[in-house]
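Descriptive structure summary
One letter stands for each residue in the lines below.
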Amino acid sequence: MSNDVLLQLTGVVKEFTVKVGSGFKRRKRSLQAVAGVDLSLRRGETLGLVGESGCGKSTLARCVMRLFAVDSGRVVFDGDDLTHASNAVLKPYRRRMQMVFQDPYGSLNPRRRVGSIIGDPFRIQGVGSAADRQAKVQELMQLVGLNPEHYNRFPGEFSGGQRQRIGIARAIALRPELIVCDEPVSALDVSIQAQVLNLLADLQKELGLTYLFISHDLSVVRHVSDRVAVMYLGTIVEIAPSEAIYERTRHPYTSALLSAVPRFEADAGTARVESVLSGDPPSPLDPPSGCRFHPRCPRAQDRCRHEVPVLRVGNADDPEHLTACHFPLVDGDAS
Amino acid sequence: MKQTTEIRGRGPWQLAYERLRRDRAAIGSAITILIAVLVALSAPLLAQITGHPPTMQFGHTGLGPTGIPVGPGAEFWLGTDGLGRDVLVRIAYGTRVSLLVGVVASGLAVLIGAVVGIAAGWFGGIVDTILSRLMDVVLSLPFLVLALALAALVGPGLGISIFLIAFFSWATVGRVVRAEAKSIREREYVQAARALGAGNAHIMFVEMLPMVGATVIVYATLLIPASIGFEATLSFLGLGVPPPTPSWGNMLADAMAYYKVAWWLLLFPGAALLGVTYAFNVLGDSVRDALDPKHDQTIKPGGQS
Amino acid sequence: MRWPRIAATLLLTLLAALAGCTDRRITEETDDAAKPIRGGTLRLVGSSDVDHLSTTSGYLTGSLWLFRGFTRQLVSNPPSDDFDKSITLEADAAIEVPSVENGGISADALTYTFHLKPKLRWNSTPVRRVVAGDFVRAFKLFCNPVNPVGAPPYYTSTIEGLDEYCSAMLKVPGTVEGIRRFVENNEIPGVRAVDDGTLEIRLRAPAADFIYLVAMPFASAVPVEYLDYLPDSPEFRQHTLSNGPYAITRYLQNREIVLERNPAWDAASDPIRPAWVDRIQIKLGIDPALIQLQIEAGTADLGFDSSMLTVDQSSLQAIGDPRVSSFPPGEHYSGMRYLAVNQVGPNNGGALSQLKVRQALALAVDKSALVQVSGGPDVASPLNQAVMNGVSGWRPGADQYSTPDDRGDPVAARRLLTEAGFPDGIPLRFAYPVEASYAIQAQATQASLTRAGFEVTLFPFAVSDFFGRLLPNPQNAKRGEWDIALGGWLPDWVGGNNGRSVLSPLFDGRQLGNLSQNYGKYDNPITNAAIDRALSAATQEQAEAGWADATRQVTADVGIVPMLQVKSTYMRSSRLRHCVWSIMGMQCDLASVWLADAVDESSNKGDR
């Protein structure tokens, strides 16, 4: 691991326009899915990004990949500002950053043969001759643990885990530097999850990849990440090296998430943490003032309602550990 | 090391084909269509065997003294029409026109519909608005009135018939394809392609087109009989294929005057028209069923016919 | 999808055919000789409305036919199945047909005097006599700027001072007030009401056929009330007045016309209109295919505006259906079919301007085949003169370019083409209207022309487009949009001195402008001079001689290729009796028919 920053996000904001109400009361409202995120990824590391569903982590992933235009802030990849880059400018960068999607069914075109899907990166980026491609595709299939002879099959003929391997093969085809993994195992059986996670880990070693690993499952993140960022309602509330976030939790929300871990595993898709949190999760259409977490925070005080906390180092001994909280937990506070 | 057996997946198309092969109605209609194609191909042969070219008028043998057509018999197997021409040979030549118009016009309509629908669905925004309104306008146009006006302006003919039919048919396909494209656009594999730097052409034609392919094929099959019917209507009104070239439509139009004395003028071309359009319709339904087994959520049944 | 519509049409037709079969088994006694019955409602069905309800401008056959019911002319053709009687004018509103003998026509053949019957009445409130001034008003309104008379040259070229009157009147603003002021303040020098009962018309030059022009419904009396409306406006159509046996009691445009007895009409003054039925109901907007079916089924008695399809008629005649009638009776015909030949087009280096090429066309056509496909010899006959039998100018034995058995002579035609420098034949654009008999005749013609070496391509046009746009516009001929065209002609009146209604519009080379019916732009000074002689002839004989000269010249020049002379064929319901021919309506006269199942209500009333 080096201190070489591969990806730098500064104050990234992404808004969506949604229609609310019905009939004559129907009107357009703006929803801030990502509300000013600062994040940096170092070359070779795995940064875990956790949060409840709907907290904006997948949106952030797509902002990183520039699948969405960013409304404000900056996205800098390896020193190059890609915030407002056109598709044409982006095209060469797409060889260097790739994405693995959550849904192994939805992310593969069911009407196309696997060989053709994995060959897409070469075809689209114009790499190699048509003749080379089949060999490369089969090599990739072997690399991700698929039978190379199955290149003529359709995605429908593969299991979920195998499909995710196909998705991974496609992502690594052009030897990218950064891979954004958007919940890559959440749709898989627990027994399969480990295999895919191990594959990702092996590939990282082999190819020197940098991962932005998104998940709502802290236990998965803990398993793979060097550092972990916790996201709540479009903002990062805590970011720290992996062991620090588990051992010396500072933010009350992270603490609540950790206490809810067993439930995530039992009911992955619809995980909720309300059992340890007071109040309902607020709507991103109408985020709370001050600290966005305050209506549900057991430690909230008047200040939290008015003043937005910023990410800062809480303990000089632990410069990598940043928290956005006016009244952070100190060591031992966590249950 | 050489592979002896290539493992080739059975894709959605093969599965559909196998379902189709087990569908008796589909086999029956396919055979009907095949016969029609054979008849069309062998039209000159029929003319040679009977010795009756399609536009030759047999005033002595094929017409009574007051112009009453001769019924089916040894000389004219399916009788003659009001000008003493051989109905059998004319039906055979008419089959060529009907199939040609049916296939070309619906092919054209489906092509335009698919491209416009995909473009509207993929680009969204202003492009979608413009293309959608365009489709609405085309769909709301009164076909016959405009067809009559245009045919009168340009003059009737095979080309203008094909153009008119395609022009009035593509929007139906376009609307359905657009709806599908809009949902496909949100799929992750489209995002995956974008993440790879894919351009509009790749997404529209490599990712989206195969997904709407099922709809397109179903519509193509169902549009063929509609187009044959369109052509017959145009010819029936004297604005399709100009005489003396036979088409089922203008044969039926001619027959309308003689139906009291010459049932064969109405029966045989009418049966050919109904038979072939019905066969295409049945085949279209079967293709749709074959492509749209319940478990496959990616294909929606065509809502319009 | 459209195919079910065709299927439905087919089914409907098949059902109708079956219905027709059963109906036909009912034998009908032909009891035209039996005593006529008064009363009942005559039911007519038609597809389209009258062109105009005003007598001044109404020109379609259906309109002229309808006018028989509620208008009267100075002189009229009596309805009759005796052809000679039907073409001999009788007195109508006038006491007698003017002649030199009875003093009605002056010795210089320039002044016509009509004495009106005293018992002619308008059904106005109060009932009023029809006076000479009402006829003067008709002539004055010929050139109103809103809806002028259908055939202005007939009158402007004959009546003294009418041409000038017309030029002035066409400049008048097209308002009720503008027209009224002009009509009330200006007189036509040649048309004068001597007193209420006497009308005097002076001609520019002798015109032997003038009396026939007066018989046209254009010259029907116009009551003063008509000046309250724009000519033939919708308001006018709701306020027609009648001096005939019937009056219009209901008029719904394109839907229905109802005529009922006119109480102001005096039967004794009107020997040519027996008027047996009490009521005439005309339903409009009916699909042409259904008209025939309704008559066959007996739910309607006659078609209003449509002639029967020749093929329908020939097939019905083939099975001896007594409800079919062809007019006119005997060896006479009501119309002709011909090929208009474009002599000013650029195609093939202007080949059709060469006489030899046109002669080749004339020789190539197999007219016997055309007769065969047009209903057979009972209703059509080959034509080898530029006008048909029944038009002034036709002469027995004056046929030209006739071929053995009228089968055409492709060998001779080819030889002429070769001599003209076209040994390989020439391509021709053959335009025709999409109407059953035209379409089939066009294809039969194409076949015979092809044998002679012409490469004929058919160009079908919608009927309105063909007669309304393609042919009347000289530019289309000059651009070569068509080389030959299948035309038809019905003279405005059959028999009598009617060259003016055929030879003038079709062959006069000095009238080639817009709307000219000389579609092929034929122009020969010899022909023009002969037409002039005929038009200005003082006697019938001189006129006929002029028309014959013109006809011979046009035929020799192949100004058109004459093909067929045809009769009009109609079908009537089996209850309709005394279907006699009226040359104005070209079918059963509506004032002469009676209904076999009518109940004589008037006699019942008399009993009470």
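Residues numbered from 1 in each chain as written. Chains lettered and ligands numbered in written order. Predicted model: local features only at pLDDT ≥ 70, side-chain atom pairs only at ≥ 80, totals over all residues. Heavy atoms only, no water.

**Digging into the overall build of chain A**
- Along chain A, the regular secondary structure elements total eleven helices and twelve strands.
- Taken over C-alpha atoms, the radius of gyration comes to 21 Å for chain A, in line with the 20 Å a tight globule of 335 residues would show.
- Across the 335 residues in chain A, those meeting the buried criterion constitute 54%.
- Contacts in chain A between residues at least 24 apart in sequence constitute 65% of all its contacts with a sequence separation of at least 6.
- Accessible area for chain A stands at about 14000 Å²; split by element, carbon and sulfur atoms hold 49% of it.
- Put simply, chain A has 41 plus and 38 minus side-chain charges, and the middle of one group is 8 Å from the middle of the other. (Helix = DSSP H or I, 4+ residues; strand = E, 2+ residues; numbered from the N terminus. Rg over C-alpha atoms; globule rule 2.2 N^0.38 Å. Buried < 20%, exposed > 50% of the residue type's maximum accessible area, 1.4 Å probe, protein only. Contact = heavy atoms within 4.5 Å. Areas by Shrake-Rupley, 256 points an atom, 1.4 Å probe, with all protein chains shown as cover. Lys, Arg positive; Asp, Glu negative; His and termini not counted. Charge placed at Lys NZ, Arg CZ, Asp CG, Glu CD.)

**Quick notes on the overall build of chain C**
- Secondary structure summary: chain C contains 22 helices and 24 strands in total.
- Computed over the C-alpha atoms, the radius of gyration of chain C is 25 Å, within 12% of the 25 Å expected from 2.2 N^0.38 for a compact globule of 608 residues.
- When its C-alpha atoms are laid out on the principal axes, chain C stretches across 80 × 60 × 50 Å.
- For chain C, the residues scored as buried account for 59% of the 608 residues in total.
- For chain C, the exposed surface amounts to about 22400 Å²; the carbon and sulfur share of it is 54%.

**Describing the domain arrangement of chain C**
- If you check the domain split of chain C, you get domain 1 (37-49 + 247-327 + 570-600), domain 2 (71-246) and domain 3 (335-566).
- For domain 1 of chain C and domain 3 of chain C, the distance between their C-alpha centres works out to 33 Å. (Domains from an automatic or database assignment.)

**A short note on the confidence of the model for chain A**
- For chain A, the mean per-residue pLDDT works out to 84, and 91% of the residues sit at or above 70.
- Below pLDDT 50 for its whole length, residues 262-275 of chain A participates in 15 contacts with residues either more than four positions away or in separate chains. (pLDDT = per-residue confidence, 0-100.)

**Concerning the nonpolar core**
- The biggest cluster of nonpolar side chains holds 93 residues, and the ones touching the most others in it are Phe 114, Tyr 155 and Ile 159 of chain C.
- Both of domain 1 (37-49 + 247-327 + 570-600) and domain 2 (71-246) of chain C provide at least three residues apiece to this core.
- The next biggest cluster of nonpolar side chains, apart from the first, holds 88 residues, and it includes Ala 26, Met 256 and Ala 279 of chain B together with Ala 420 of chain C. (Core = buried A, V, L, I, M, F, W, Y, C linked by side-chain atoms within 4.5 Å.)

**A few points about the interface of chain B and chain A**
- If you look at the interface, chain B gives 30 residues, while chain A gives 32 residues.
- When chain B packs against chain A, close to 2700 Å² is buried across both sides, 53% of that on carbon and sulfur atoms.
- At the junction of chain B and chain A, the tally comes to two salt bridges.
- Taken together, the connections running from chain B to chain A amount to ten residue pairs in polar contact (both at pLDDT 80 or more).
- Only α1 (12-21), α8 (188-195) and α9 (200-236) of chain B provide two or more residues apiece to the side of chain B that touches chain A.
- The dominant element in the side of chain B that touches chain A, judged by the number of residues it contributes, is α8 of chain B, at seven residues. (Buried area = accessible area lost by both parts, 1.4 Å probe. Salt bridge = Lys/Arg side-chain N within 4 Å of Asp/Glu carboxyl O. Polar contact = N/O pair within 3.5 Å; in protein donor to acceptor, adjacent residues only side chain to side chain.)

**A short note on the state of the cysteines**
Residues and elements named next belong to chain C.
- Using the criterion set out here, one finds two disulfides over all chains in the structure.
- Between the sulfur of Cys 143 and that of Cys 166 lies a disulfide, 1.7 Å long from S to S. Its S-S torsion of about 65° marks the bond between Cys 143 and Cys 166 as right-handed, since a negative value means left-handed. One end of the pair, Cys 143, is in the loop between α4 (132-141) and α5 (152-156); the other, Cys 166, is in helix α6 (residues 162-169), and 23 residues separate them in sequence.
- Owing to a relative accessible area of 5%, Cys 143 belongs among the buried residues under this scheme.
- For Cys 166, a relative accessible area of 4% translates into the label buried.
- Here Cys 579 pairs with Cys 588 through a disulfide, and the sulfurs are 1.5 Å apart. Torsion about the S-S bond of the Cys 579 and Cys 588 cystine: about -60°, corresponding to left-handed handedness. The same class applies to Cys 579 and to Cys 588, which are both buried.
- In chain C, the cysteines engaged in disulfides, taken in order along the sequence, are linked 1-2, 3-4. (Disulfide = S-S within 2.5 Å.)

**Description of a nonpolar patch on the surface**
All names here are of chain B.
- A cluster of nonpolar side chains, namely Leu 108, Leu 111, Ile 112, Val 115, Phe 205 and Leu 209, defines an oily patch on the protein surface of about 470 Å² accessible area.
- Mapped onto the nonpolar patch, the elements with two or more residues apiece are α4 (87-123) and α9.
- Here the element with the most residues in the nonpolar patch is α4; it accounts for four residues.
- Inspection of the secondary structure assignment puts Leu 108 in helix α4. (Patch = residues over 30% accessible without salt bridge, like charges linked within 9 Å, V, L, I, M, F, W, Y side chains within 5 Å.)

**Considering the confidence of the model for chain C**
Residues and elements named next belong to chain C.
- With 90% of its residues at a pLDDT of at least 70, chain C reaches an overall mean of 86.
- Here residues 1-5 is a poorly scored stretch, pLDDT under 50, and it has 14 contacts once near neighbours within four places are set aside; other chains count.
- Low pLDDT, under 50, characterises residues 603-608; the predicted model gives this stretch one contact beyond four residues in sequence or across chains.
- Model confidence for the complex is summarised by a pTM of 0.71, with the ipTM given as 0.82.

**Description of the sheet that holds strand β8 (residues 198-202) of chain C**
Residue and element names in this part refer to chain C.
- Strand order in this open sheet of three strands is β4-β8-β7, and the pairing throughout is antiparallel. Sheet topology places β4 (111-115) and β7 (191-195) at the edges, where each strand pairs with a single neighbour. Strand-to-strand, the axes of this sheet are offset by a mean angle of 20°, without reference to chain direction.
- Taken together, the four bridges between β7 and β8 define a ladder with antiparallel strand orientation. Along β8, the bridge assignment pairs Asp 195 with Thr 198. (Pairing = 2+ DSSP bridges. Axes fitted to C-alpha atoms, helices over the stretch in contact; angles between N-to-C directions.)

**Focus on the side chain of His 202 of chain B**
- With respect to the secondary-structure elements, His 202 of chain B resides in helix α9.
- Classification of His 202 of chain B by relative accessible area gives buried; the value is 12%.
- Within the structure, His 202 of chain B has its side chain in polar contact with the side chain of Glu 207 of chain B (distance 3.2 Å).
- Residue contacts for His 202 of chain B: discarding those within four places in its chain leaves Arg 112, Asp 120 and Ile 124 of chain A together with Ala 193 and Glu 207 of chain B.

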